[in-house]
Amino acid sequence: VCERLWRAPREDPSQITLNDVQQSGKVIDALSGYYAEAVDKAAAGTQVPVRNIRQWFEQALIAEGGLRQPVPQGSELEFGVSPECASSLVNDYLVRVEEQRGTLWYRLAHDRLVEAVLRDNARWNAENLSLLQRQALLWDREGRPDHLLLQDAALVEAKSWLKGEHDPLRQEEKDLLERSQELHRKKEAEAEKERLNTRRIRRSLIVAVSVAAVALVALLFAIWALSQVQTEKNRAEAAKIAAEQSQ
């Protein structure tokens, strides 16, 4: 923080005034900026991707709950971070080396860096990663739940991004895409099944209505026919009575 303040442009380069301190912003902003500069420097000097370094900080050096946790020296290789890159970060006081029982461990240099790292990583991810890459990080960190899979418009956007130039997909990104597509196919199959059931019910309803209509017509015809028979019977009886009375 002091180094950034000293290197910042000032009215009088020979001294730092209270006004200079106030204009420098909050400590967390200064720490985030220093972290970003140190990461970029280490990446440029060792040819390690910036993303690898940032993920090492967030996924290895910071535990759940925002606590610092030590990691054994050499484990950085799992994130694609070289020993030379780790040494650069140690030299810039972001990481320190501790010895415990004959083993060397890396640890984030200070608790105040936790928030700075997480905040600046969120900024960098938003500016540099695609929706698929960001969602894969979140999905993997949260234990890979189904409700964080890519769906609908998000899945369409991810597929569209894959058609362009991009870095090789990481394993969690491949897994997220595969699981998301499986869920999409499952939903499509369920939707198709529902559409078939709806059509089947509609056809059954049409048949039932048609049968009911034919039955109603038949009933009405039977009532009409019975009425005609009764009418003819009444006429015959009336004619018989009239003939008897005329005799």
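For the structure, check the block above.
For clarity, every value in this text was computed on a predicted model and none was experimentally measured. (Residues numbered from 1 in each chain as written. Predicted model: local features only at pLDDT ≥ 70, side-chain atom pairs only at ≥ 80, totals over all residues. Heavy atoms only, no water.)

Chemist: It is not clear to me how the packing of aromatic side chains should be interpreted in this structure. Could you clarify?
Modeler: Considering all chains together, one arrives at four aromatic pairs under this definition. Measuring from centroid to centroid gives 5.8 Å for tryptophan 56 and phenylalanine 57, while their planes differ by 70°, and the two rings are edge-to-face. The class for tryptophan 56 is buried, based on a relative accessible area of 0%. Following the ring pairs from residue to residue traces out a cluster consisting of Tyr35, Trp56, Phe57 and Tyr106. (Phe/Tyr/Trp six-rings, centres within 6.5 Å; stacked < 30°, edge-to-face > 60°. Buried < 20%, exposed > 50% of the residue type's maximum accessible area, 1.4 Å probe, protein only.)

Chemist: Where do I start with unusual backbone geometry in this structure?
Modeler: Only a minority of non-glycine residues have a phi that is not negative, and only a minority of peptide bonds are not trans. Phi is positive for arginine 101, close to 55°, though the residue is something other than glycine. When you line up the elements, arginine 101 lands in the loop between strand E4 (95-100) and strand E5 (103-108). The backbone phi angle of aspartate 152 is positive, close to 50°, even though this residue is not glycine. For aspartate 152, a relative accessible area of 53% corresponds to the exposed category. (Helix = DSSP H or I, 4+ residues; strand = E, 2+ residues; numbered from the N terminus.)

Chemist: Would you take a moment to explain the layout of surface pockets for this structure?
Modeler: Think of a ball as big as a water molecule: rolled over the atoms, this probe shows where empty space is left. For the largest pocket, the calculated volume is near 260 Å³. Along the walls of the largest pocket sit 13 residues, with Glu58, Gln59, Ile62, Glu64 and Arg141 positioned nearest its centre. Those elements giving two or more residues to the lining of the largest pocket turn out to be helix H4 (50-61), strand E1 (62-63) and helix H7 (131-141). Here the lining of the largest pocket takes four residues from H7, the largest share from any one element. Split by residue class, the lining of the largest pocket holds five nonpolar, four polar and four charged. In this model, the second largest pocket occupies a volume close to 200 Å³. Sorting the residues of the lining of the second largest pocket by element identifies H4, helix H6 (112-128) and H7 as the ones contributing at least two each. (1 Å grid on protein atoms, 1.4 Å probe; cavity = no way out; pocket = protein on both sides within 12 Å on 5 of 7 lines; lining within 4 Å. Points joined across faces, edges and corners; volume = space filled by probe spheres on them. Nonpolar A, V, L, I, M, F, W, Y, C, P; charged D, E, K, R; others polar.)

Chemist: Looking at this structure, I do not really get the pattern of salt bridges. What am I missing?
Modeler: Pairing between side chains of opposite charge can happen when their charged atoms approach one another. Scanning all chains against the criterion turns up 17 salt bridges. As a salt-bridge pair, arginine 54 and aspartate 120 come within 2.9 Å of each other at their nearest N and O atoms. Of the two residues, arginine 54 is situated in helix H4 and aspartate 120 in helix H6; the sequence distance between them amounts to 66 residues. Of the charged contacts in the structure, one is a salt bridge between glutamate 58 and arginine 141, with a shortest N-O distance of 3.4 Å. (Salt bridge = Lys/Arg side-chain N within 4 Å of Asp/Glu carboxyl O.)

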